[in-house]
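Examining the three-dimensional arrangement
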Amino acid sequence: MVKKRWKTFIIAFIVGCSLIFGWGVSSGLQGLAQAHTKSVDRATGNFTVGEEFYLQYCSTCHIPIPPAVLPQETWQRILENPGNHYGVRIEGLTGFTQRLMWQYLQNYSRQLLRDEIRPQYMAQSRYFFALHPKVDLPTPTTINTCIQCHPQAQDFNYRVDF
Ligand code: HEC
Ligand code: HEC
C-alpha cells in the first residue's frame, strides 16, 4: 500500500517537473526546436498528447487551424485568454491541458521578429502567406474560406495534391 503511494507520488513528481521544465525553459529551447520543425507536420513523440488536446478543444466551433499559420505569440495569447476568445468563451481548459497544448503549438509554429505586430487573425499573419506563395486567395480570407481549397480541413488535413 505504502509502496504504491510512493510510486504514484514519484510519477506525479516527474510529470510535474517536466511540465514546469517545459514551460520555463521552452523559450531558451525555441531556437533548437525551430531548427528541425517543418511547417505543417503532424505531431510526433511527446507532442502528440498536446495535439490531441488541441484537436479536442479547438475544433468544435471551427476547423482546427494548423499551428504553422500563426506565430507563437498569437497561440500563447489565445491559450492564456480562454474566457475572451474572439467574443466567445472556451470552456473546460485546465492548466494541465493548456500547458500540453502550448508545448505542441509552440513547437510547430515560429516566433515573431522583434517589433513585429502580433496578428490576431490568419489573414494578418506573414506565416499564413508564406505557406501560400502565388495562391490567389479570396478577399477577405477568413476561417470560413479555408474549406474552399482544403476540403479536408475539418480532419486537420491541409495537404494540397495537384
Ligand atoms: C466556443 C467556440 C470556440 C472554441 C471552443 C474555440 N474557438 Fe477559436 N474562434 C471562435 C470564434 C467565434 C472565432 C472568431 C471567428 C471569426 O471572427 O470569423 C474564433 C477564431 C479563432 C482564431 C482566429 C481565426 C482567424 O480568422 O484567423 C483562432 C486562431 C482560433 N479561434 C483558435 C482557437 C484555439 C487555439 C482554440 C482552442 C484553445 C479555439 N479557437 C477554440 C470560437 C471558438
Ligand atoms: C484559394 C485556395 C486556398 C485557400 C482559400 C486557402 N488555401 Fe491553404 N493552400 C492552398 C494551396 C494551393 C496550397 C499549397 C501552396 C504551395 O505549396 O505552394 C496551400 C497550402 C496550405 C498549407 C500548407 C500545407 C502543406 O502541407 O504544406 C496550410 C497549412 C494551409 N494552406 C492552410 C490554410 C488555411 C488555414 C486556410 C484558411 C484560412 C487556407 N489555407 C486557405 C490554397 C488555399
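Refer to the structure printed above.
Overview of the structure. (Residues numbered from 1 in each chain as written. Chains lettered and ligands numbered in written order. Predicted model: local features only at pLDDT ≥ 70, side-chain atom pairs only at ≥ 80, totals over all residues. Heavy atoms only, no water.)

Okay, the coordination of the iron atom of ligand 2 next. At this site the iron atom of ligand 2 is bound by His132 (NE2) and His150 (NE2), with donor distances of 1.9 to 2.0 Å. One can describe the donor arrangement at the iron atom of ligand 2 as octahedral, given that its six donor atoms subtend angles of 87 to 179 degrees at the metal. Linking His132 in the loop between helix 5 (126–130) and helix 6 (146–149) with His150 in the segment after helix 6, this pair joins segments that are 18 residues apart in sequence. Judged by its relative accessible area of 16%, His132 falls in the buried class. (Donors = N, O, S within 2.8 Å, 3.2 Å for Na, K, Ca; no water. Tetrahedral: all angles 85-135°; square planar, octahedral: opposite > 155°, others 65-115°. Helix = DSSP H or I, 4+ residues; strand = E, 2+ residues; numbered from the N terminus. Buried < 20%, exposed > 50% of the residue type's maximum accessible area, 1.4 Å probe, protein only.)

To continue, consider the environment of Tyr121. Structurally, Tyr121 is set in the loop between helix 4 (95–107) and helix 5. Using a relative accessible area of 43% as the deciding quantity, one classes Tyr121 as partly exposed. A C-alpha to C-alpha distance of 8.7 Å links Tyr121 and Ile143, two positions 22 residues apart in sequence. Leaving out residues up to four positions away in the same chain, Tyr121 has contacts with Leu70 and Tyr86. (Contact = heavy atoms within 4.5 Å.)

Lining the immediate surroundings of ligand 1 are 18 residues, of which Cys58, Cys61, His62, His85 and Met122 lie closest. Here His62 contributes a side-chain N or O atom positioned 2.8 Å from a nitrogen atom of ligand 1. Of all the secondary structure elements, the ones that give two or more residues to the shell around ligand 1 are helix 2 (47–58) and helix 3 (72–80). Top contributing element to the shell around ligand 1 by residue count: helix 2, with three residues. Split by residue class, the shell around ligand 1 holds 14 nonpolar, three polar and one charged. (Near = heavy atom within 4 Å. Polar contact = N/O pair within 3.5 Å; in protein donor to acceptor, adjacent residues only side chain to side chain. Nonpolar A, V, L, I, M, F, W, Y, C, P; charged D, E, K, R; others polar.)

With 12 residues, helix 2 should reach 16 Å at 1.5 Å per residue; the first-to-last C-alpha distance of 16 Å fits that figure. Taken residue by residue, helix 2 has Gly50, Glu51, Phe53, Tyr54 and Cys58 as its buried positions. With its buried residues spanning 165 degrees around the axis, helix 2 presents them on a single face. The inward-facing, buried residues of helix 2 contact helix 3 and helix 4. (Expected span 1.5 Å × (residues − 1). Arc of directions from axis to C-beta.)

What follows is about helix 4. Taking 1.5 Å of rise per residue, the 13 residues of helix 4 would be expected to cover 18 Å, and the 18 Å separating its terminal C-alpha atoms lies within 8% of that figure. Inspection of helix 4 places Thr97, Leu100, Met101, Trp102, Tyr104, Leu105, Gln106 and Asn107 among the buried residues, and these make up the whole buried set.

One finds Tyr54, Trp75, Met101, Tyr104 and Met122 to be the most contacted residues of the largest nonpolar core, which totals 25 residues. Mapped onto this core, the elements with two or more residues apiece are helix 2, helix 3 and helix 4. Here this core takes five residues from helix 4, the largest share from any one element. (Core = buried A, V, L, I, M, F, W, Y, C linked by side-chain atoms within 4.5 Å.)

A separate point is the coordination of the iron atom of ligand 1. The coordination sphere of the iron atom of ligand 1, as far as protein atoms go, consists of His62 (NE2) and His85 (NE2), spread over 2.0 Å. With six donor atoms in place around the iron atom of ligand 1 and angles of 89 to 179 degrees between them, the coordination shape is octahedral. Note that His62 is positioned in the loop between helix 2 and helix 3 and His85 in the loop between helix 3 and helix 4, a separation of 23 residues in sequence.

Here we take up the packing of helix 3 against helix 4. Two numbers describe how helix 3 lies on helix 4: the axes approach to 10 Å, and their chain directions differ by 165 degrees. Considering their axes alone, helix 3 and helix 4 lie roughly antiparallel with respect to each other. As helix 3 runs across helix 4, the sense of the crossing is right-handed. Counting all contacts with helix 3, which are made through Gln72, Trp75, Gln76 and Leu79, the residues of helix 4 involved are Gln98, Met101, Trp102, Leu105 and Gln106. (Axes fitted to C-alpha atoms, helices over the stretch in contact; angles between N-to-C directions. Parallel < 35°, antiparallel > 145°, perpendicular 65-115°, else oblique. Left-handed = near helix turned anticlockwise from the far one by under 90°.)

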